[in-house]
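Summary of structural features
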Amino acid sequence: MNRLDGKHILLGVTGGISVYKALDLVRKLRKEGAQVRVIMTQNATRIVSALAFRELSGEPVYVDMWAEVTHWNVEHIALANWADLFLIAPATANCIGKIAGGIADDMLTTTVMATQAPVLLAPAMNTNMFANPIVQENLERLRRHGYRIIEPDAGEMACGTCGKGRLPEPARILFAVEQALSEHLLAGARVVVTAGGTREPIDPVRFIGNRSSGKMGYALARAAARQGAKVTLVSATDKLEVPPEVEIVYVTSALEMKAAVDAVFADTDIVIKAAAVADYRPDLVADQKIKKSQEQLQLTLTKNPDILYELGQRKTHQVLVGFAAETQNLIAHGTEKLQRKNLDILVANDVSQPGAGFNTETNIVTLLYPDREPEALARMDKQEVAERIVRRAAECRSRLHK
Ligand code: CTP
């Protein structure tokens, strides 16, 4: 299943130099299952031809209000009604000004005026133009009327200057589309996700680690942000791309992870502990690299605090989601952890099965609850598993807040 399956995205393209990025955006939207129709302004067609968008979208491209049509239809109204979401990327200062001023003088602006779908604009222009108070006022006016604005990126611009105004990379725009089309199950919620395997230092160059890749935790952070949560990702890995709109806190050891989670716990609504936390750490960390002078080397290990267990003892309003990686007696061991750690959901994961657990793209999990029957999920993509877990966590939160 793709995240935008069956969704109708109407993409408005205006005449900014970053139009070329919109071509890639069409591909990405379609790859996620969306059907894309494109409206271009005349000026946009001077930079990239309508043909390119037609080929990539697999649909006719609309430019002219007055063109001969092959079948009779009031095109701008039909398109306005067809859209689940109207995305304008890039949105020039001119186009923003026209929409904010109620001007509808071409196919794009007329259709925006007629649509009842959410409208998402990705402004892209020279830095001084973006900073211009009239442009800012127009954007503010649009926000007040419920239009969503994707903040431009800062960086080097096509005109040679450096500053804010670049069209964000297609991946970030795609995320904003997913967010706008989500059910907003976690709007206003604060979520903490932990990810990756902790590393417990032995000396300045060595550590005790584990096989966790962090993929499940990153997928959870993305899924929660997509549903509108403010997400902090406490990560013991720096190998993965941080999902858009997610605040990242890098940690190394279990003690650092505990400090990072404790610091935000009081203001958090949901904690999802997908990290593989080392149960033990070396008692003493050598200041200098240990030399191989002895035949045998003994390390004494000390137990790490169980971060999740301690949160379970302290929780007030928070929903706690834990993971259990098991190789046998999945339900029995999982249920014991669920109860002992005072959790709302335990994601039990049989890591001995092919397609489950560490370093795979898919996972096979069973969700355990204190008051309901276990829910076994089929083998699926980690992102999809994450979406399901986040949905269940959001349900727990609304039950608690009733
Ligand atoms: N966990 C934690 N702090 C620890 C150990 C585990 O917060 N020191 C969390 C993990 O993030 C996970 C859950 O507890 O969400 C269960 O982790 P797991 O390693 O499966 O269980 P343990 O409690 O360590 O039990 P055991 O290793 O004995 O199976």
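Everything quoted here is computed from the prediction, not taken from an experiment. (Residues numbered from 1 in each chain as written. Predicted model: local features only at pLDDT ≥ 70, side-chain atom pairs only at ≥ 80, totals over all residues. Heavy atoms only, no water.)

Looking now at the overall build of the protein. Helix and strand counts for the protein come out as 14 helices and 22 strands. Overall, the protein is about 85 × 50 × 40 Å in size when its C-alpha atoms are taken along their principal axes. By the burial criterion, 51% of the 402 residues in the protein qualify as buried. When contacts within the protein are restricted to residue pairs at least 6 apart in sequence, those whose partners lie at least 24 apart make up 67%. Total accessible area on the protein is roughly 19,800 Å²; 50% of this is exposed by carbon and sulfur atoms. Charged side chains in the protein number 48 positive and 47 negative. The centres of these two groups are separated by 2 Å. (Helix = DSSP H or I, 4+ residues; strand = E, 2+ residues; numbered from the N terminus. Buried < 20%, exposed > 50% of the residue type's maximum accessible area, 1.4 Å probe, protein only. Contact = heavy atoms within 4.5 Å. Areas by Shrake-Rupley, 256 points an atom, 1.4 Å probe, with all protein chains shown as cover. Lys, Arg positive; Asp, Glu negative; His and termini not counted. Charge placed at Lys NZ, Arg CZ, Asp CG, Glu CD.)

Two elements in contact, helix α10 (residues 215–226) and helix α14 (residues 382–401), have axes whose closest approach is 8 Å; the angle formed by their N-to-C orientations is 55°. Considered as vectors, α10 and α14 are oriented oblique to each other. The chirality of how α10 crosses α14 is right-handed. Of the residues in α14, those touching α10 at K215, M216, A219, L220, R222, A223, A224 and R226 are K382, Q383, V385, A386, E387, I389 and V390. Of the residues belonging to the contact of α10 with α14, the class tally is nine nonpolar, one polar and five charged. (Axes fitted to C-alpha atoms, helices over the stretch in contact; angles between N-to-C directions. Parallel < 35°, antiparallel > 145°, perpendicular 65-115°, else oblique. Left-handed = near helix turned anticlockwise from the far one by under 90°. Nonpolar A, V, L, I, M, F, W, Y, C, P; charged D, E, K, R; others polar.)

To continue, consider unusual backbone geometry. Going from A89 to P90, the amide bond is cis rather than trans, its omega being -5°. With respect to the element layout, P90 can be found in strand β4 (residues 85–91). In this structure, H184 takes a positive phi of about 55° despite not being glycine. Along the polypeptide, H184 turns up in the loop between α9 (170–181) and β9 (190–195). Positive phi is not limited to glycine here, since N329 has a value of about 45°.

For the rest of this paragraph, the subject is the sheet that holds β9. In spatial order, the strands read β13-β12-β9-β14-β17-β18-β20-β21; together these eight strands make up an open sheet with mixed pairing. Lying at the two open borders of the sheet, with one neighbouring strand each, are β13 (246–250) and β21 (375–376). Note: strand β12 (residues 230–235) against β13, five bridges, orientation parallel. Within β13, the position partnered with S235 by the bridge is Y250. Helix α13 (residues 330–340) contacts β17 (319–326), β18 (345–350) and β20 (365–368) of the sheet and is inclined by roughly 150° relative to β18. Its contacts with the sheet place α14 against β14 (270–273), β17, β18, β20 and β21, and it is angled at close to 145° to β17. (Pairing = 2+ DSSP bridges.)

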